[in-house]
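# Examining the three-dimensional arrangement
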Amino acid sequence: MTPIVDIDNTVVQALPFTKRITNWILFVQSVCYPVKWLYSVLAGFINGSYAGKYNAGITYNIGNQVIYNYGLWESLANGNASHTPDASPTWWLNVNKSFIGAMEMAHYGGSRLTLEWALNRYFQTTFRQPNDPVSPAHSDIYITHLVPVYTSFVSYTTETPTSNVYTNRDSGYSFTSEVYTGEASYGFVVHIPLAVYIGINASSAIANTIIRQFLDRYVEFNTL
């Protein structure tokens, strides 16, 4: 992400021309480093991060950022290798609980295409536009709709699909227990590649909970 304000360059420009020598520049930049870091944290919270996933086989240096367990982490030291972020507080700082920025999350919703994008973004898989002639395949994580289950009285122009109606002595007509009395309900299926699903968590119960916690932010469910 390109910062809106380049603090390192700004402090150089603020120095008198006669003071723009290496020692002065390094001194002023070091003094302003906490401001620069706090600004990057705020910008990350607002705009999110596209840092790479944490890789135990890579050696990280101070300031390097990674995505781990859906959060954004920053290395606190050089030579940082084989230290799992959430288990190594002397090596890693949890900059943000979510690597997705607040501005982006504000645009998420329950519509299929938007939700597909959100799911692929969160679980760091590939999103593909539907019917794209270049990449006609589904997104890695994609959604299909279920045939709606009608839970109300249904009337059609033909007899077969219409809910059954019977006569009785009181009101003239009655419905059997086979007739539904609620509102029509709709559902969908989230398709996740097996390798991605196992990567979320080896326990299917925990993996389902993690997926559900994300979906619950944007879609209302009555049942699991």
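Model, not experiment: these values are computed from the prediction.

## Quick word on the packing of helix H1 (residues 7-14) against helix H2 (residues 22-31)
The contact between H1 and H2 brings their axes to 9 Å, and the two run at 130°. Put simply, H1 runs oblique to H2. Here H1 and H2 pass one another in a crossing that is right-handed. In this structure, H1 contributes Asp 8, Val 11 and Val 12 to the contact, and H2 contributes Ile 25, Val 28 and Gln 29. Partitioning the contact of H1 with H2 into residue classes produces four nonpolar, one polar and one charged.

## What to know about the side chain of Ser 75
Within the secondary structure, Ser 75 is located in strand E2 (residues 71-75). Here Ser 75 is in contact with Tyr 60, Asn 61, Ile 62, Gly 63, Asn 64, Asn 80, Trp 91 and Trp 92, once residues within four sequence places are set aside.

## Re the nonpolar core
Membership of the largest hydrophobic core comes to 23 residues, with the highest contact counts inside it found for Leu 115, Leu 119, Tyr 122, Phe 123, Ile 200 and Phe 214. Top contributing element to this core by residue count: helix H7 (residues 204-215), with five residues. In contact with Phe 214, not counting residues within four places along its chain, are Tyr 108, Ala 118, Leu 119 and Tyr 122. In terms of nonpolar packing, the next biggest core, distinct from the first, is built from six residues, Ile 7, Val 11, Val 12 and Ile 25 among them.

## Re the sheet that holds strand E1 (residues 65-68)
Taken together, three strands build an open sheet; the order of strands is E1-E2-E3 and the sheet is antiparallel. Strands at the two margins of the open sheet, each flanked by one partner only, are E1 and strand E3 (92-96). For this sheet, the mean angle separating the axes of adjacent strands, direction not counted, is 40°. With four bridges connecting them, E1 and E2 associate as antiparallel partners.

## A closer look at the packing of aromatic side chains
Aromatic ring pairs are defined here through the distance separating the ring centres and the angle between the ring planes. Following the criterion strictly, the structure yields 14 aromatic pairs and no others. Plain terms: the ring middles of Trp 24 and Phe 27 are 6.2 Å apart, the flat faces sit at 85° to each other, and that makes the pair edge-to-face. Remark: Phe 27 and Trp 24 occur in helix H2; sequence separation between them is three residues, near one turn of the helix. Taken together, the aromatic side chains of Tyr 70, Phe 99, Tyr 108, Tyr 122, Phe 123, Phe 214 and Tyr 218 make up a single cluster linked through ring pairs.

## Details of the environment of Thr 125
When you line up the elements, Thr 125 lands in the loop between helix H5 (112-122) and strand E4 (142-145). Put simply, Thr 125 and Ser 139 are 14 residues apart on the chain and 8.1 Å apart in space, counted from C-alpha to C-alpha. Each residue touching Thr 125, except ones within four places of it in the same chain, is listed here: Leu 119, Asn 120, Asp 140, Ile 141 and Val 196. Among the polar contacts listed, one links the side chain of Thr 125 to the side chain of Asn 120, at a separation of 2.7 Å.

## Here we look at a nonpolar patch on the surface
Taken together, the side chains of Ile 21, Trp 24, Phe 27 and Val 31 present a nonpolar region at the surface, about 390 Å² in accessible area. You can see Ile 21 is positioned in the loop between H1 and H2. On the basis of relative accessibility, which here comes to 44%, the residue Ile 21 falls in the partly exposed class.

## Section: H1
Residues of H1 that are buried: Ile 7, Val 11 and Val 12. An end-on view of H1 places all buried positions within 140° of arc, on one side of the element.

## Concerning the environment of Trp 73
Structurally, Trp 73 is set in strand E2. Each C-alpha atom of the pair Trp 73 and Asn 94 lies 4.5 Å from the other, and the pair is 21 residues apart in sequence. Filtering out sequence-adjacent residues up to four positions away, Trp 73 remains in contact with Asn 64, Gln 65, Val 66, Tyr 68, Pro 85, Asp 86, Trp 92, Leu 93, Asn 94 and Val 95. Separated by 3.1 Å, the side chain of Trp 73 and the backbone oxygen of Tyr 68 make a polar contact.

The rules we used
- Residues numbered from 1 in each chain as written.
- Predicted model: local features only at pLDDT ≥ 70, side-chain atom pairs only at ≥ 80, totals over all residues.
- Heavy atoms only, no water.
- Axes fitted to C-alpha atoms, helices over the stretch in contact; angles between N-to-C directions.
- Helix = DSSP H or I, 4+ residues; strand = E, 2+ residues; numbered from the N terminus.
- Parallel < 35°, antiparallel > 145°, perpendicular 65-115°, else oblique.
- Left-handed = near helix turned anticlockwise from the far one by under 90°.
- Contact = heavy atoms within 4.5 Å.
- Nonpolar A, V, L, I, M, F, W, Y, C, P; charged D, E, K, R; others polar.
- Core = buried A, V, L, I, M, F, W, Y, C linked by side-chain atoms within 4.5 Å.
- Buried < 20%, exposed > 50% of the residue type's maximum accessible area, 1.4 Å probe, protein only.
- Pairing = 2+ DSSP bridges.
- Phe/Tyr/Trp six-rings, centres within 6.5 Å; stacked < 30°, edge-to-face > 60°.
- Polar contact = N/O pair within 3.5 Å; in protein donor to acceptor, adjacent residues only side chain to side chain.
- Patch = residues over 30% accessible without salt bridge, like charges linked within 9 Å, V, L, I, M, F, W, Y side chains within 5 Å.
- Areas by Shrake-Rupley, 256 points an atom, 1.4 Å probe, with all protein chains shown as cover.
- Salt bridge = Lys/Arg side-chain N within 4 Å of Asp/Glu carboxyl O.
- Arc of directions from axis to C-beta.

Nothing here speaks to function; it is all geometry.
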